Amino acid sequence: MQSGGTSESGSGLRSAAQSSYSAACDILAGGDSQLGSRYTILIVDDSEADRTAYRRFAMVADAQSTIFLECDCGEDGLALCQQHLPDLILLDYLLPDLNGVEFVQTLKELMQPVPPVIMLTGEGNERVAVEAMKAGARDYLVKRDLSAQTLTQAIRRVITQQALQRTVSRRERQQRLISSIALRIHRAENLAETLSTVVDGTRQLLDCDRTAVYRFNTDMSGTILAESVLPQWTASIGAKIEDSCFQQNGAENYLQGHKTVISDIYNSSLTTCHVEMLSRFEVRANLVVPIVVSHHENGQRQLWGLLLAHHCRDVRNWQPDELALLDDLAVQLAIAIRHAELVGQLKTRAGALSTSNRRLSETAKMLQERNKELDEFAYIASHDLRAPLRAMANLASWLEEDISDKIPPESREQLVLIQSRAQRLDDFITGLLEYSRAGRKGLTVTSVNVTTLIDKIIHNLVIPDRFTFVKPSENYTIRTQELLLQQVLTNLISNAIKHHDTPEGTVRIEVISHEGLLSFSISDDGPGIAPEYHKKIFGVFQTLTSRDVFESTGVGLSIVKKLVERQGGQISVQSELGQGSTFTFTWPEVAES
């Protein structure tokens with residue numbers, strides 16, 4: 001067995017071979033990174049003279065280093081294939097220990113894929129040629145017809161086919177990887193799973209020693225989040241990296257889409273501190289593409305991190321399609337990252353919503369319990385409090401009837417006062433119950449004509465003869481709970497009459513539609529209300545006139561305010577002493593069912 005190094009310059013035959021094969025190398029430029037720098041040919045032939053001729057014919061002129069491996073038997077050739085994996089095998093059909101077909105069949109059992117084989121034989125034989133091609137040989141040559149031209153043409157043909165097959169296969173695997181990653185983006189439970197898929201698949205496709213995803217912090221330091229590395233090289237997963245050179249210079253370039261392609265870090269334009277950082281991780285050649293995440297909601301672009309490919313065993317001439325692959329994967333990663341961010345935000349919002357719903361449910365349950373307690377109180381107030389009041393009023397009435405002719409006028413007035421006070425307290429209880437129950441009854445939403453409703457309210461009120469009404473000019477029909485709106489309007493219109501300070505007056509009612517709400521205004525020309533009482537009048541049991549002068553429970557406006565606000569509206573008053581009052585409230589044109 002012999003192993004040959006780079007061959008020296010020689011005869012014209014080799015020059016012809018160089019010229020022919022140089023064209024093949026030009027064709028293959030960019031197709032296989034190994035062909036442009038180092039090429040290994042294994043020659044398996046028991047004739048030393050033939051091996052010498054092949055070596056001369058097959059010299060790769062433009063390779064930096066062409067390595068020839070030679071042996072004179074099949075078993076040694078198989079051993080060399082397992083140790084060095086040649087790029088091409090020149091194989092003699094008749095060997096001392098086995099023939100070429102047996103060699104190829106055994107080689108298939110030992111490794112996949114099998115390096116391309118050109119089989120040579122001393123005598124042309126069609127049967128042998130067919131047998132060789134069926135076994136897997138790429139070409140079949142007869143030694144007696146062999147020349148520098150025929151051998152270089154055969155080599156060029158085989159190598160071109162091999163390079164094209166490798167390129168097609170690599171691109172198919174690249175597309176499968178990208179498709180797989182795109183699918184995983186939608187199926188992945190978390191970002192870590194997607195990152196792991198990317199680095200594992202990329203390292204296998206590029207046949208490099210390490211691939212990794214590097215995540216930036218806000219200060220442009222960072223951490224290796226995911227990594228796929230061969231066992232003989234130092235793992236960097238979880239490593240925290242602070243590259244001061246990069247922090248000062250590199251971020252903006254990468255944000256603009258800059259990519260780094262370094263075949264040898266020791267013969268590059270990298271700064272000393274950057275080279276030292278890479279050497280800590282045994283990097284010799286590297287590819288770097290940015291992972292830029294776009295936030296469409298604000299139009300900003302974020303330099304999230306870097307996708308890295310490291311070659312540690314030797315220098316490496318990275319090919320354009322390898323850079324394009326890494327770039328495509330970085331785009332897919334950016335999509336996956338943004339997807340993960342959005343999913344995280346949705347989960348956070350879903351959690352907050354779940355908490356809010358739980359609290360709302362608890363509040364609703366508590367409100368239901370409070371309403372139940374209120375109903376129980378209402379029953380007690382209605383039954384237990386009113387019973388003794390009625391007894392007091394009845395007793396005073398009986399006394400007045402039975403002994404009215406025997407008691408002095410002062411005592412008779414006191415009996416009447418007892419009855420009026422009992423009635424007032426009964427009215428207070430009634431008002432309190434009405435306030436507590438205001439708006440709580442489930443009423444059906446129906447179509448209500450506002451003008452018709454106002455006419456009905458005015459018709460049902462006791463109105464002094466010298467009072468006039470100015471009704472709204474516009475006619476509106478809305479969807480609402482009629483009884484509630486009727487209760488509000490009745491209270492405000494009756495107040496305008498009841499609290500007027502003269503036997504004649506004018507009440508003006510206006511209705512305006514605006515953005516889904518009706519605005520009602522009830523104006524009078526009565527005594528008016530001082531500004532300092534504008535808020536007080538909406539409180540429970542609040543009156544501006546002594547009840548001995550004007551009997552009132554003081555709950556009417558508080559009920560009105562409660563009903564309006566429960567519908568999502570607002571109520572206010574505009575008034576000055578001696579200038580009348582205007583009460584304005586809003587009411588939805590379409591009530592919630």
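Quick summary incoming for the structure in this document. Keep in mind that this is a model prediction, so the values were computed, not measured.

## Section: the overall build of the protein
Then step 1. Of the regular secondary structure elements, the protein holds 14 helices and 19 strands.
Then step 2. Out of the 593 residues belonging to the protein, those deemed buried represent 43%.
Then step 3. Contacts in the protein between residues far apart in sequence, at least 24 positions, make up 68% of those at least 6 positions apart.
Then step 4. Here the protein displays about 31800 Å² of accessible surface, and carbon together with sulfur accounts for 50% of that area.

## Some words on the side chain of S581
Then step 1. Turning to its location among the elements, S581 is positioned in strand β19 (residues 581-588).
Then step 2. Side chain to side chain, S581 and S575 meet in a polar contact 2.9 Å long.

## As for the packing of aromatic side chains
Then step 1. In this structure the tally under the stated criterion is four aromatic pairs.
Then step 2. On the basis of an interplanar angle of 75° and a centroid distance of 6.3 Å, the ring pair of F538 and F583 is categorised as edge-to-face. One end of the pair, F538, is in the loop between β17 (517-524) and α14 (556-566); the other, F583, is in strand β19, and 45 residues separate them in sequence.
Then step 3. Relative accessible area serves as the criterion here: at 11%, F538 is assigned to the buried category.
Then step 4. The buried category is assigned to F583, whose relative accessible area is 11%.
Then step 5. Between the aromatic rings of F585 and W587, the centroid separation amounts to 6.3 Å while the plane-to-plane angle is 85°, which identifies the pairing as edge-to-face.
Then step 6. An aromatic cluster is built from F520, F585 and W587, whose rings are joined through pairwise contacts.

## So, a nonpolar patch on the surface
Then step 1. A surface patch of nonpolar side chains, about 310 Å² in accessible area, is lined by L395, W398 and L399.
Then step 2. Inspection of the secondary structure puts W398 in helix α10 (residues 320-403).

## Side note on the side chain of N491
Then step 1. Note that N491 resides in helix α13 (residues 482-498).
Then step 2. The exposure class assigned to N491 is buried, which follows from its relative accessible area of 18%.
Then step 3. Filtering out sequence-adjacent residues up to four positions away, N491 remains in contact with G556, L557 and V560.

## Things to note about the pairing of strand β18 (residues 571-575)
Then step 1. Across the two faces of β18 the burial differs, with I571, V573 and S575 buried and S572 and Q574 not buried at all.
Then step 2. Between the end of β18 and the start of β19, which pair antiparallel, lie five residues, with G578 showing a positive phi angle near 80°.

## Digging into the pattern of salt bridges
Then step 1. In the structure shown here, the tally under the stated rule is 18 salt bridges.
Then step 2. Taking the shortest distance from any N to any O, the salt bridge between R358 and E362 comes out at 3.6 Å. Placement of both R358 and E362 in helix α10 is noted, with a separation of four residues, approximately one turn of the helix.
Then step 3. Of the residues examined, R358 reaches a relative accessible area of 44% and is grouped as partly exposed.
Then step 4. With a relative accessible area of 46%, E362 lands in the partly exposed category.
Then step 5. A salt bridge links D455 to K471, with the shortest nitrogen-to-oxygen separation between them at 2.6 Å. With D455 in helix α12 (residues 450-460) and K471 in the loop between β14 (467-470) and β15 (477-480), the pair connects residues that are 16 residues apart, well separated along the chain.
Then step 6. Members of the salt-bridge network, linked through shared partners, are D45, D50, D92 and K143.

## A look at the packing of α13 against α14
Then step 1. Between α13 and α14, the shortest axis-to-axis distance is 10 Å and the interhelical angle comes to 145°. Relative to α14, α13 is oriented so that their crossing is left-handed. Only G556, L557, I559, V560, L563 and V564 of α14 make contact with α13, whose side of the interface consists of L484, Q487, V488, N491, L492 and N495.

## Points about the sheet that holds β19
The strands that make up a sheet are held in pairs by hydrogen bonds between backbone atoms, and each pair lies either parallel or antiparallel.
Then step 1. As summarised here, the arrangement of the five strands in space is β14-β16-β17-β19-β18, forming an open sheet in which the pairing is mixed. Sheet topology places β14 and β18 at the edges, where each strand pairs with a single neighbour. Pairs of neighbouring strands in the sheet enclose a mean axial angle of 15°, with direction left out of account.
Then step 2. With four bridges connecting them, β14 and strand β16 (residues 505-514) associate as parallel partners. The residue of β16 that forms the bridge with F469 is V507.
Then step 3. Sheet contacts for α12: β14, β16 and β17; angle to β16, the most-contacted strand, approximately 155°.
Then step 4. Sitting on the sheet, α13 touches β14, β16, β17 and β19, and the angle it makes with β19 is about 175°.

## Remarks on the sheet that holds strand β8 (residues 222-229)
Then step 1. One open sheet holds the six strands; their spatial order is β9-β8-β7-β12-β11-β10, and the pairing between them is antiparallel. Single-partner strands in this sheet number two, and they are β9 (240-241) and β10 (260-262).
Then step 2. In this sheet, strand β12 (residues 300-311) lies alongside strand β7 (residues 210-216) in antiparallel orientation, the contact comprising six bridges. Residue pairing across strands places R215 opposite G305, the latter belonging to β12.

What counts as what
- Residues numbered from 1 in each chain as written.
- Predicted model: local features only at pLDDT ≥ 70, side-chain atom pairs only at ≥ 80, totals over all residues.
- Heavy atoms only, no water.
- Helix = DSSP H or I, 4+ residues; strand = E, 2+ residues; numbered from the N terminus.
- Buried < 20%, exposed > 50% of the residue type's maximum accessible area, 1.4 Å probe, protein only.
- Contact = heavy atoms within 4.5 Å.
- Areas by Shrake-Rupley, 256 points an atom, 1.4 Å probe, with all protein chains shown as cover.
- Polar contact = N/O pair within 3.5 Å; in protein donor to acceptor, adjacent residues only side chain to side chain.
- Phe/Tyr/Trp six-rings, centres within 6.5 Å; stacked < 30°, edge-to-face > 60°.
- Patch = residues over 30% accessible without salt bridge, like charges linked within 9 Å, V, L, I, M, F, W, Y side chains within 5 Å.
- Salt bridge = Lys/Arg side-chain N within 4 Å of Asp/Glu carboxyl O.
- Pairing = 2+ DSSP bridges.
- Axes fitted to C-alpha atoms, helices over the stretch in contact; angles between N-to-C directions.
- Left-handed = near helix turned anticlockwise from the far one by under 90°.

Bear in mind that shape data such as this cannot, by itself, settle questions of function.
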